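# Residue-level structure breakdown
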Amino acid sequence: MSNAAWETVIGLEIHAQMATKSKIFSGASIAFGAEPNSQACAVDLGLPGVLPVFNQAALVSAVKFGLATGAEIGRKSVFARKNYFYPDLPKGYQISQLDHPIVGRGMIDVVQEDGEIKQVGLTRAHLEEDAGKSLHENFVGQSGIDLNRAGTPLLEIVSEPDIRSAKEAVAYARQIHALVRYIDICDGNMQEGSFRVDANVSIRPRGSDTLGTRTEIKNLNSFRFLERAINIEVERQIDLLEDGGRVSQETRLYDPDADETRSMRSKEEANDYRYFPDPDLLPVHVDDAFIDSCREQMPELPKLRLARFTDELALGESEARQLINDRATADFFEATVAASKQPRHAANWVINELGARLQKADLGIEQSPVDAEQLGGVLQRLADDTISGKIAKQVLDALWAGEGKSADEIIEAKGLKQITDTGAIEAIVDEVLAASPEQVEEYLGGKDKVIGFFVGKIMQASKGKANPGQVNQLLKAKLKR
Amino acid sequence: MAVDNKTVIDMAHLARIAVSEDDIPKIASQMGKVLEIAEKMAAVDTDHLEPMAHPLDAAQPLRVDDVTEADLREAFQAVAPSVDKGLYLVPKVIE
């Protein structure tokens, strides 16, 4: 929302669920969709006498995130208790981190809609356990509690208030979403709550450098809602201030049906969480050897891959970005290049030809019916002039439909091999020219566009198999004005 | 440090502890005494020391990421005051 008088200031807190098998402090499963409370063990229920033991995989995931964002890694991080009362938090406290988070300051390059890069500061990222789930419907005067989610490892990623619009917020959140999936620490499934966003929103008179009072919009679980909720909240705050009111610091919820934000609870009273170090957990030590072992498990980072794609493979910046945004796509592209040695063709075909077919069929690239080896085969035949671009698309369609195992097999079986024999093409050219004396007159009279008519006729006569380059050459030679 | 009655009431609310009106002055004075001990300790010069997060000077052991817990829902829910369809039931917490 742009407004001449007011500037929007946004900071995001993203909760990314770590893709571990078990919980952060217990050996219960975190698999989604299980029977209520069938994955809530004594530790998760906060029964007396239990002790939390920290999951190594959660630590590795957090360190990887720190490495990927160039952030400081906390060599000694400390778990603290955040105390509050709610039935889906049976211990009466959430184990989180306050003063010594596992990941410190970092920086994210956010690619915006217009392609511009904006740097957004990361304040910190810390590990914590998720709470359970309260179900308020279906029970008269009671709430049902499912603690399967309690103890699920979360990485809370906190940004600096560097974001200035809802669109920037979405671009930043998408970037983090792509990154956590890329380094394989979070599945990013927003419907299942694996990636949730809280937005801290305030406004201030343009030109001011003090922050206004902020509200926090909780649990936004889609990028569309994130954008809507921020815009609606900014409008509400502007209206409030312009009418002489004031914004109160509070937690709000976005209601997509009513398209409004609503006050949830007043933070002024509720925010005394009385953090203190959890006596059940010792400080977590991370040394160089541990960091190195995490680094070794990391894939090549998007930033470095981008540089390699543009420098070594000579791709354009924007197509390289389209490829690296998603790791599976980038991997597929690289496998296609390996099979074809044709990086430019591979980029174009992965993004456009295969990309369009996948989108139409609503498939991810992992489910592509045509694998990289097969696509590489098509591009090899395209590059060595065995087939034209148009025929190549037909071959791709045939592979997609499972009509053959390889491009060569399909080209052979369907007789799609391009006619490169000059004599054969010349015969067709002569035939077409002889049958179209009027058009020949027109062309000789200076109407250049008629050349397209001849090419069309010739391609038709050759069933698309004549080499287009040779056809053009021959036509020009024969129609010399 | 003196603790006033309002602090006691606020603390009791945060901790969800019922405190009877009559007990408040006594609790206030007891809390004050605890804080006096804390003040004495705070007077010790610790500027040159790195704070410890835990009295044991040791590092947190790590657990391998394996699912080791079986589903014991039936046993846990047998001692719960109220359950339905696998859920623990509690008094409604929102209006």
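You'll find the structure just up there.
Residues numbered from 1 in each chain as written. Chains lettered and ligands numbered in written order. Predicted model: local features only at pLDDT ≥ 70, side-chain atom pairs only at ≥ 80, totals over all residues. Heavy atoms only, no water.

## Thoughts on the overall build of chain B
In terms of helices and strands, chain B carries three helices and three strands. Along its sequence from the N terminus, chain B presents helices and strands in the succession α-α-β-α-β-β. Compactness check: chain B gives a C-alpha radius of gyration of 22 Å against a globular reference of 12 Å for 95 residues, more than 25% above the reference. In terms of overall dimensions, chain B has a C-alpha envelope of 55 × 45 × 25 Å along the principal axes. In chain B, which comprises 95 residues, the share counted as buried stands at 21%. Within chain B, residue pairs in contact and separated by at least 24 positions form 30% of the contacts whose partners lie at least 6 positions apart. When the 9 basic and 18 acidic side-chain charges of chain B are each reduced to a single mean position, those positions are 8 Å apart. (Helix = DSSP H or I, 4+ residues; strand = E, 2+ residues; numbered from the N terminus. Rg over C-alpha atoms; globule rule 2.2 N^0.38 Å. Buried < 20%, exposed > 50% of the residue type's maximum accessible area, 1.4 Å probe, protein only. Contact = heavy atoms within 4.5 Å. Lys, Arg positive; Asp, Glu negative; His and termini not counted. Charge placed at Lys NZ, Arg CZ, Asp CG, Glu CD.)

## A short note on helix α4 (residues 223-242) of chain A
All names here are of chain A. Helix length check: α4 (20 residues) gives 29 Å between terminal C-alpha atoms against 28 Å at 1.5 Å per residue, within 8%. Those residues of α4 not exposed but buried are F223, L226, A229, I230, N231, I232, E233, V234, Q237 and I238. A positive phi of about 85 degrees marks G244, the residue just after α4. (Expected span 1.5 Å × (residues − 1).)

## A short note on the pattern of salt bridges
Opposite charge on two side chains allows them to pair when their charged atoms are near. Residues and elements named next belong to chain A. Summed over the entire model, instances satisfying the criterion amount to 41 salt bridges over all chains. For D288, the salt bridge goes to R75, with nearest N and O atoms at 2.8 Å. Highlighted residues: D288 in helix α6 (residues 288-296) and R75 in the loop between α2 (56-68) and β3 (76-77), separated in sequence by 213 residues. For D288, a relative accessible area of 47% translates into the label partly exposed. Judged by its relative accessible area of 41%, R75 falls in the partly exposed class. (Salt bridge = Lys/Arg side-chain N within 4 Å of Asp/Glu carboxyl O.)

## Side note on a negative patch on the surface
Together, E235(A), D239(A), E242(A) and D243(A) give the surface a local cluster of negative charge. For D239(A), the position within the fold is in helix α4. (Patch = residues over 30% accessible without salt bridge, like charges linked within 9 Å, V, L, I, M, F, W, Y side chains within 5 Å. Areas by Shrake-Rupley, 256 points an atom, 1.4 Å probe, with all protein chains shown as cover.)

## What about the pairing of strand β1 (residues 6-17) of chain A?
Burial of β1(A) is extensive: 12 of the 12 residues sit out of reach of the surface. What you see with β1(A) is no split at all: W6(A), T8(A), I10(A), L12(A), I14(A) and A16(A) on one side and E7(A), V9(A), G11(A), E13(A), H15(A) and Q17(A) on the other are buried throughout.

## Describing the interface of chain A and chain B
Opposite the 51 residues of chain A that make contact, chain B presents 34 residues. Of the roughly 3,800 Å² buried between chain A and chain B, counting both surfaces, carbon and sulfur atoms make up 62%. On the chain A side of the contact with chain B, F85(A), F139(A) and L282(A) bury the most area, a combined 15% of that side's loss. Summed over the shared surface of chain A and chain B, the result is one salt bridge. Inspection of the chain A/chain B interface yields 20 residue pairs in polar contact (both at pLDDT 80 or more). Broken down by secondary-structure element, the contributors of at least two residues to the side of chain A that touches chain B are α1 (42-45), β2 (54-55), α2, β9 (142-146) and β16 (284-285) of chain A. Taken together, the residues of the side of chain A that touches chain B sort by class into 28 nonpolar, 15 polar and eight charged. Across two bridges, the pairing between β2(A) and strand β1 (residues 62-63) of chain B is parallel. Looking at the pairing, F54(A) lines up with L62(B) of β1(B). (Buried area = accessible area lost by both parts, 1.4 Å probe. Polar contact = N/O pair within 3.5 Å; in protein donor to acceptor, adjacent residues only side chain to side chain. Nonpolar A, V, L, I, M, F, W, Y, C, P; charged D, E, K, R; others polar. Pairing = 2+ DSSP bridges.)

## Topic: the environment of L323(A)
All names here are of chain A. As for its position among the elements, L323 is in helix α8 (residues 317-324). Between the C-alpha atoms of L323 and I351, which are 28 residues apart in sequence, the distance is 7.2 Å. Setting aside anything within four residues of it in sequence, one finds L323 in contact with F309, L315, T329, A330, F333, A347, V350 and I351.

## Things to note about the side chain of R357(A)
Residues and elements named next belong to chain A. For R357, the location among the structural elements is in helix α10 (residues 343-360). For R357, a relative accessible area of 16% corresponds to the buried category. Side chain to side chain, R357 and D397 meet in a polar contact 2.8 Å long. Beyond its immediate chain neighbours, meaning those up to four positions away, R357 contacts K393, L396, D397 and W400.

## Digging into the pairing of strand β7 (residues 117-129) of chain A
Residues and elements named next belong to chain A. Counting buried positions along β7 gives 10 out of 13 residues, so the element sits mostly inside the fold. Between the end of strand β6 (residues 106-111) and the start of β7, which pair antiparallel, lie five residues, with G115 showing a positive phi angle near 90 degrees. Sheet topology note: the β7/strand β10 (residues 153-159) ladder contains seven bridges and is antiparallel. Paired with R124 across the bridge in β10 is V158.

Nothing here speaks to function; it is all geometry.
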